[in-house]
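# Understanding the architecture of this molecule
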Amino acid sequence: MSDLVRLEVEDGIGTVRLDRPPMNALNAEIQHGLVAACREAAERSDVAAVVVYGGEKVFAAGADIKEMETMSYTDMVDHSGLLQDFTRALARLPKPTVAAVTGYALGGGCEVALACDWRVAAEDARLGQPEILLGIIPGAGGTQRLARLVGPARAKDLVLSGRFVDAREALAIGLVDRVVPAAEVYTASRELVSRYVGGPSYAVRAAKEAIDRGLEVDLETGLEIERQLFAGLFATRDRATGMRHFVEKGKGPAPFE
Ligand code: HXC
């Protein structure tokens, strides 16, 4: 794994920490590092949920413009798969994920946040897809995930103008889920996903997959995805534990392992 991206694990929660001051600009090394960190978080049994965090000052100000400036069309044909890989790795992570957004989340940085299940933002956070101002468009899923999250009209407003939104507006349009004082972003993000530690991990995984895969297909195909995942859970210990706990009138939450 790259030094620019670390996976730090504590109390069942993995923190994918971006660490490339001053702005966490996402160069190729950090993009590869994100893919590796997501793979490790997916595989480790001591990680039930993931927080993506860029530190106290900034989430990420986008792809590294200085690295991209000299790239040709053919360079980008080779590289653009990686751009989508690092956000896909995050979006496909079979565990709940939350972006803890401090400061700027711009361009590829906003796209990293969009690939998470939820976003907690600092009161002074600024989000946006300013690629248009560089003569390009979002390339790490922004045109697709932003439109699915906030609707096509709002996505076009942000992507075609490149304007930034503050945390209050981001909350109002559903781009972020919670706004908290800057000093509390990381803790609030951990709290949001801590409920999944020690829970029915296969059902959580199946629920996330059914919703995400279902959004990519027509209703009938989505219902079929749900049906198969639902039936599959009857092969898990979690299902047996959860139902037995109810039938035997157990107290509190079921003792999932
Ligand atoms: C490379 C960057 C950078 C970036 C900031 N820096 N963003 N370097 N790539 N994306 C560098 C600056 O050049 C500067 O380096 C240092 O970080 C501090 O930035 P300043 O601009 O001096 O800070 P400030 O005035 O506070 O402005 C902060 C900012 C601004 C609003 C975030 O830096 C900015 O607009 N950055 C670009 C944002 C952007 O366009 N992102 C989209 C990128 S394209 P020096 O060496 O001068 O100190 C993209 C494509 C996605 O993401 C495709 C798929 C991934």
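Preceding this section is the structure that the text describes.
Reading guide: rules and limits
Residues numbered from 1 in each chain as written. Predicted model: local features only at pLDDT ≥ 70, side-chain atom pairs only at ≥ 80, totals over all residues. Heavy atoms only, no water. Helix = DSSP H or I, 4+ residues; strand = E, 2+ residues; numbered from the N terminus. Rg over C-alpha atoms; globule rule 2.2 N^0.38 Å. Contact = heavy atoms within 4.5 Å. Expected span 1.5 Å × (residues − 1). Buried < 20%, exposed > 50% of the residue type's maximum accessible area, 1.4 Å probe, protein only. Axes fitted to C-alpha atoms, helices over the stretch in contact; angles between N-to-C directions. Parallel < 35°, antiparallel > 145°, perpendicular 65-115°, else oblique. Left-handed = near helix turned anticlockwise from the far one by under 90°. Nonpolar A, V, L, I, M, F, W, Y, C, P; charged D, E, K, R; others polar. Pairing = 2+ DSSP bridges. Near = heavy atom within 4 Å. Polar contact = N/O pair within 3.5 Å; in protein donor to acceptor, adjacent residues only side chain to side chain. Areas by Shrake-Rupley, 256 points an atom, 1.4 Å probe, with all protein chains shown as cover. Patch = residues over 30% accessible without salt bridge, like charges linked within 9 Å, V, L, I, M, F, W, Y side chains within 5 Å. Salt bridge = Lys/Arg side-chain N within 4 Å of Asp/Glu carboxyl O. Phe/Tyr/Trp six-rings, centres within 6.5 Å; stacked < 30°, edge-to-face > 60°.

## What about the overall build of the protein chain?
Secondary structure assignment for the protein chain yields eleven helices and nine strands. A globule of 257 residues ought to have a C-alpha radius of gyration of about 18 Å, and the protein chain, at 19 Å, matches this closely. Each principal axis of the C-alpha distribution contributes one length, and for the protein chain these read about 65 × 40 × 35 Å. Long-range contacts, defined here as pairs at least 24 residues apart, represent 69% of the contacts in the protein chain between residues at least 6 apart.

## Focus: helix H9 (residues 201-215)
Taking 1.5 Å per residue, 15 residues should reach 21 Å; H9 reaches 21 Å between its end C-alpha atoms and fits that length. Turning to H9, its buried residues are Ala206, Lys208 and Ala210. Those residues of H9 hidden inside the fold are in contact with helix H3 (73-91), strand E4 (97-101) and helix H10 (219-232).

## As for the packing of H9 against H10
At a closest axis distance of 9 Å, the pairing of H9 and H10 adopts a crossing angle of 165 degrees. Considering the angle they form, H9 stands roughly antiparallel to H10. Regarding H9 and H10, the two cross each other, and that crossing is right-handed. Only Gly222, Ile225 and Leu229 of H10 make contact with H9, whose side of the interface consists of Ala206, Glu209, Ala210, Arg213 and Gly214. Taken together, the residues of the contact of H9 with H10 sort by class into four nonpolar, two polar and two charged.

## Observations concerning the sheet that holds strand E1 (residues 5-10)
With mixed pairing, six strands are arranged side by side in an open sheet as E1-E2-E3-E4-E6-E9. The open sheet has two free edges, formed respectively by E1 and strand E9 (178-180), since each of these has just one partner strand. On average, each strand axis in the sheet is inclined to that of its neighbour by 20 degrees, with strand direction left out of account. Judged from the six bridges that link them, E1 and strand E2 (residues 13-18) form a sheet pairing that is antiparallel. Paired with glutamate 8 across the two strands is threonine 15, which belongs to E2.

## Focus on the site of the ligand
The environment of the ligand is made up of 22 residues, and the closest members are Ala61, Ala63, Ile65, Lys66 and Gly108. Backbone polar atom of alanine 61 to a nitrogen atom of the ligand: 2.9 Å apart, as the coordinates give it. With respect to the ligand, the backbone of alanine 63 contributes an N or O atom lying 2.8 Å from an oxygen atom. Coverage of the ligand by the protein chains reaches 64% of its 1000 Å² of free accessible surface. Considering each element in turn, the shell around the ligand owes the most residues, three residues, to helix H2 (residues 65-68). The class makeup of the residues in the shell around the ligand is 14 nonpolar, four polar and four charged.

## What to know about a nonpolar patch on the surface
Together, Ile65, Leu134 and Ile136 make up an exposed nonpolar region whose accessible area comes to about 260 Å². The class of isoleucine 65 is partly exposed, set by a relative accessible area of 45%.

## Structural notes on the packing of aromatic side chains
All told, the structure shown has four aromatic pairs when counted by the stated rule. With centroids separated by 6.1 Å and ring planes inclined at 70 degrees, the aromatic side chains of tyrosine 104 and phenylalanine 164 adopt a geometry described as edge-to-face. Remark: phenylalanine 164 occurs in strand E8 (residues 164-166) and tyrosine 104 occurs in strand E5 (residues 104-106); sequence separation between them is 60 residues. Residue classification places phenylalanine 164 among the partly exposed positions, given a relative accessible area of 29%. Relative to tyrosine 196, the ring of tryptophan 118 lies with its centre 6.0 Å away and its plane at 5 degrees, an arrangement referred to as stacked.

## What to know about the side chain of threonine 102
Following the sequence through the fold, threonine 102 ends up in the loop between E4 and E5. A distance of 2.7 Å separates a polar atom in the side chain of threonine 102 from the backbone oxygen of glycine 55. At a separation of 3.4 Å, a polar atom in the side chain of threonine 102 contacts the main-chain amide nitrogen of valine 58. Not counting residues up to four positions away in its chain, the partners in contact with threonine 102 are Tyr53, Gly55, Glu56, Lys57, Val58, Phe59, Ala122, Ala182 and Val185.

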